Amino acid sequence: MTASLTLVIVAAVLFGAGIAVMLERSLTRVLIGFLLVGNGVNLFMFTMGGEPGLAPILADGVDPEDLSDPLPQAFILTAIVINLGITAFMLALIYRSWWLAQLGEAGDLIGDEDEMVEDAEEAADLIRSSAADERAIQEVLDASDEDGGRA
Amino acid sequence: MIFSLVAFAAVALVTPFAARPLGRRVFPIVAIVPTAVFGWLLTLVPAVAAGEVVTERIEWIRALDIALSFRLDALSLLLALVVTGIGALVLLYCTWYFRDDEPSLGRFAALLLAFAGVMLGLVTADDVYVLFTFWEATSVLSYLLIAHDAGRREARGAALQALTVTTFGGLTMLVGIVILAVAGGTTSISALVANPVTGLAGEVGIALVLVGAISKSALVPFHFWLPAAMAAPTPVSAYLHAAAMVKAGVYLVALLAPGYAELAVWHPVVIGIGGFTMLVGGWRALRQTDLKLLLAYGTVSQLGFLVLVVGQGTRDAALAGTALLLAHALFKAALFLTVGIVDHAAGTRDWRRLSGLGRRMPWLAAFATVAAASMAGVPPLLGFVAKEAVFSAQLEAGAAGEPWAWVALVAAVLGSMLTVAYSVRFVWGAFGTRPDVAPVELHREPALMSLAPALLAAASLVTAFATPAIEPLLATYAATLPGPDEYHLALWHGPEPALAISALVFGVGALLVWGRAAVARLQAAVPDWIEAARGYVHLVGAVDRGAARLTTFIQSGGLPGYLATIVAVFIVGLGGAAIMNDTLPAGIRFADGPAQPLVGLAMIVAAVAAVAMRQRIAAVLLVGATGYGMVLVFGMSGAPDLALTQALVETITIVVVVLVLRRLPRRVTTRRAVVRAPVRIAIGVLAGAVMAVLGVVALGARTAPSIAEGLTPLAIEAHAKNIVNALLVDLRAWDTLGEISVLVAVATGVASLIFVSGRMGGAPRLEGAGRRERLRPLPEQADSMRSARRRLADVEHETDAAAEAASTRQTWLLAGRTISPRNRSILVEVLVRLLFHPAIVVSVYLLFVGHNAPGGGFAGGLVAGLALVARYLAGGRYELGEAAPVDAGALLGTGLFLAAGTAASSLVFGLTVLESSWFEAEVPVLGTISIGTSTLFDIGVYLVVVGLVLDILRTLGAEIDRHMDDTGPDTVAEETAEVRA
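Residues numbered from 1 in each chain as written. Chains lettered and ligands numbered in written order. Predicted model: local features only at pLDDT ≥ 70, side-chain atom pairs only at ≥ 80, totals over all residues.

### Let's talk about the overall build of chain A
Counting secondary structure elements, chain A contains 4 helices and 1 strand. Start at the N end of chain A and walk to the C end: the helices and strands fall as β-α-α-α-α. Counting over 151 residues, chain A shows a buried share of 53%. Contacts in chain A between residues far apart in sequence, at least 24 positions, make up 51% of those at least 6 positions apart. (Helix = DSSP H or I, 4+ residues; strand = E, 2+ residues; numbered from the N terminus. Buried ≥ 20, exposed ≤ 12 C-beta atoms within 10 Å, placed from the backbone. Contact = placed C-beta atoms within 7 Å.)

Shown next as structure tokens:
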């Protein structure tokens, strides 16, 4: 099997560029990265078909040997349509988060520090609560000890 | 047995419903179940005592050799009698313990009954995994019962402690069980005991199983959960934590002793820990002021004693141990139930505040005294009989040269002295008269409440004289262990060493009582170094805090951080593997054809520009450019289907993205980036490089011929010339079925996210535009149009007169007039009007020729979708409703139903799922087409794709339009105009 250097490089650039964009905090940028990665991966799959030939359609007088590999094509076709669906879904998420936030340009940013602080406090509350339960039963036990639980 | 278990489960399930009208009267009714089972078990005693074994078996998981097998031998029967007998009495006692207005009474009754059933299953199960299942079920039910009063903190804390400790032990035990079952080659307990697993597997397996037994029976260092569990209602304490659940560990030790008592690990654990526990429990019991806690520590002590005795591994010790088990169940249940009555009557369980109860509740005092005397081992009670047997067995085993027997004897004697002392403390504490304490005000309890303790105390007395009746059953179990079989249970054996030991025990016990003050001082002087409970609290706290810290550490960066981590793993993992790989492709071509490098260069430029571009819509258009580059690559490299699909999808994607982004601010802000730009770029470059290397290596690694050659005959067999389409709708149709299911889910998700209430239905329609009227000029007075027009007119700051003028213009599209004149383009309207119907025809054509030429359900559906997009863009949201007056969900559902139905229908014809069948026909224009099930499948795909696009348009297009109209004129309106123009 031989690879087309051009296609490998293009696929790699699309993929790398997509990843770089995806790592930003704006959901719109994540979507743009997703589209680039999607195209890059599809192209990558396409190179796996090896040397291209004729369209994989069994017309009269066509030697099956000359056809392109149809299997990656079937995979990619599915992937393209799924990408459309996921894109729409991400758009809905973007719009929804913007709609809920209504914070102008900060609307579609992914929250971080503030939310984490909240999460951590919630977890700490739960731990405190279960520790308080443990203490409560320990107090009951100590209370029954003749010297009232010295420890 | 299985029938009994089913009866327990069935009655427990209906109990909560029965309790609503019945109140506490539900208890005597449900008590019928354990009573009946108890009666049935009694009838089995003669046969089982004669050596008969009752077994039942239902195959369960054959592959793992797990069966619902049950076995009633002498030991199981004894335990089953204890579980059902005391269970029945405790349930009966509940009738007077609770009041009708007790919260969640029905649940409590159901849980207690279920517990009895589960316990019965535990002691009769013969399959180790079934036993384990019941074992864990008792832990869970115990948790729920302890936490009955969930409003109290201590109840919750105690329940959680009990659950944590016993499930920890249970899981440890599971590992041991698996080791034993695998090494022994069977899951049957009786077989594992008959042919014990020896060697390292046996030692490790048994050690782990013993950890389970120790934790369940509350032995040191797990003993602390049992006193804490006293937060449960008293009937629960009496049953679970005295008579039943804690006996599970003792039962397990007794069950395994015949096979495993010889192992090196056995005696140190069983006798060492058992003896130590007996002393620790007794020592602490002697300090308690809460009568219930006194009993709880006493139980800890007695459980250590029981494990120590039944674990000795001789015939006489087994006989003594089972007798002691029976005695303990009788007296401890009686004592707990007594405490419950005292607590109810006096309102406290603290003996320092009790005085004069003995005189005012003489009968109860008598029952409790009998039970406590049995606990202390006073003749003529069963406790005495059992204890005598214990001392004799230990002396005998010690004389036979078993060093651990002496350890056991010393622990038993010392522990028994403490037992005498705390037994006296209990009776004196509960019923004594203290001059310095004012007699408490008593709340009269129903006399029947004392029925259960009375029966249990009487049983302690009767069984002592009826040893010939109970001994055969116990002796049948004891005979499975080695040792001489001369010893018999009896009240009087004549003057013998055991009697002298008993006398010594009573003497020292009396001294401890007499020198109470001195003992208390001594106890206070000894440091509290057995503080497993505090250690546990610290351990759990440390685990909790550690988990919280770990979570904050791992989940630190929000979505970009996680993505960066995932990609970093990809780079390091796959990149590392790729570097170590040495398969390189046979050769590298620069490109396929002269145009490819040019297209590739354009795509690279567009992609890099998209990274740098801060404007949302510009970036999206650049991404679109890479997509159209893909179209060219596919088209030039023998993939017309891909080129067609990609072109259609790319167009729809751009439109949809712009539809949403028109509402968002134009530029993306960059403040507070989680992953900073240089890092981002570096990760992107590395990921791309790894991808490139992987691509080359993967191609080089392909040595076997492609399966593409095999696909040609398969496609011919599928009556298809287009191999890609044959793959999609026939050869790999499962995959496609999955994919369109995803599309349906995605469409539903999109609609759910945007529509605040109710995502069903189609795009909005013009009012009054039903059926035939749709073809006529629109009624001038249509309210929706009018109001829509007025709103838009306001936005545009135009006068009503101008809007009127606009509405009277000639229209090409049905809903064209709902758009303000400034946003209308007659040229676009005309084009769309002319192209829409041909486009639909083309889409259907693509659908049907797809089997033999480029096309198919996906491409056809996308063309139809694109036609809808055009109608929407030209005529607005009402136009979409007029163009596709159907429910998008109905399209999606019909499509999925058609595809899945086609897939399943082949089953009707005796074929496998998705197996195709055809008929061929000559059709004008289309040529020879073979209509087969795969064509029907493709129609399903077509409908799903159209439905998806329609759903996207009506939500991301029409619904967002409506939001914009509702929120009134703002900057957004200008952007709309911009997009439309």
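### Examining helix H25 (residues 558-580) of chain B
Taking 1.5 Å of rise per residue, 23 residues should cover 33 Å, and H25 of chain B covers 33 Å from first to last C-alpha, within 8% of that figure. All buried positions along H25 of chain B are accounted for by Pro560, Leu563, Val567 and Ile571 of chain B. Looking at the packing, one finds that the buried side of H25 of chain B touches helix H1 (5-22) of chain A together with helix H29 (677-701) of chain B. (Expected span 1.5 Å × (residues − 1).)

### Some points on the interface of chain A and chain B
Listed per partner, the contact involves 99 residues of chain A and 132 residues of chain B. It is helix H3 (residues 70-101) of chain A that provides the largest number of residues to the side of chain A that touches chain B, a total of 23 residues. When grouped by side-chain class, the residues that make up the side of chain A that touches chain B number 64 nonpolar, 21 polar and 14 charged. Relative to strand E3 (residues 587-589) of chain B, strand E1 (residues 2-4) of chain A is paired through 3 bridges, and the arrangement is parallel. By the bridge assignment for E3 of chain B, Thr2 of chain A is matched with Gly587 of chain B. (Nonpolar A, V, L, I, M, F, W, Y, C, P; charged D, E, K, R; others polar. Pairing = 2+ DSSP bridges.)

### Remarks on the environment of Pro268 of chain B
All names here are of chain B. Turning to its location among the elements, Pro268 is positioned in helix H13 (residues 266-285). Classification of Pro268 as exposed rests on a count of 12 C-beta atoms within 10 Å. Separated by 139 residues in sequence, Pro268 and Val407 place their C-alpha atoms 9.9 Å apart.

### Some points on unusual backbone geometry
All names here are of chain B. A cis geometry characterises the amide bond from Val220 onward to Pro221, with omega recorded as 5 degrees. With respect to the helices and strands, the residue Pro221 is situated in the loop between helix H9 (199-216) and helix H10 (225-228). With an omega of 0 degrees, the peptide bond running from Pro379 to Pro380 counts as cis. Structurally, Pro380 can be placed in the loop between helix H17 (362-376) and helix H18 (382-399). A positive phi angle, close to 60 degrees, is found at Asp65, a residue other than glycine. In this fold, Asp65 is placed in the loop between strand E1 (54-61) and strand E2 (66-72). The phi dihedral of Ser104 is positive, around 45 degrees, even though this residue is not glycine. Mapped onto the elements, Ser104 comes out in the loop between helix H4 (74-97) and helix H5 (105-124).

### Points about the confidence of the model for chain B
All names here are of chain B. On average, residues of chain B score 85 in pLDDT, and 88% of them reach the 70 mark or higher. This model gives residues 769-809 a pLDDT under 50, and the stretch forms 39 contacts once residues within four places in sequence are excluded. Taken together, the chains of this predicted complex give a pTM of 0.68 and an interface ipTM of 0.78. (pLDDT = per-residue confidence, 0-100.)

### Comments concerning helix H20 (residues 451-465) of chain B
Residues and elements named next belong to chain B. For H20, built from 15 residues, the straight-helix expectation of 21 Å at 1.5 Å per residue is met to within 8% by its first-to-last C-alpha distance of 21 Å. All of the buried residues in H20 are Ala452, Pro453, Ala454, Leu456, Ala457, Ala459, Ser460, Thr463 and Ala464. Those residues of H20 hidden inside the fold are in contact with H4, helix H15 (315-346), H17, H18 and helix H21 (467-478).

### Focus: the pairing of E1 of chain B
Residues and elements named next belong to chain B. Relative to E2, E1 runs antiparallel, the two sharing 7 bridges. When the bridges of E2 are listed, Val54 appears paired with Leu72. Counted along the chain from E1 to the antiparallel partner E2, the turn is 4 residues long, and its residue Asp65 has a positive phi close to 60 degrees.

### A few points about the environment of Leu141 of chain B
Residues and elements named next belong to chain B. Mapped onto the elements of the fold, Leu141 is located in helix H6 (residues 128-146). Through-space distance from the C-alpha of Leu141 to that of Ala114 is 7.9 Å; in sequence the pair is 27 residues apart. If near-sequence neighbours (up to four positions away) are discounted, Leu141 is found in contact with Leu111, Ala114, Phe115 and Val118.

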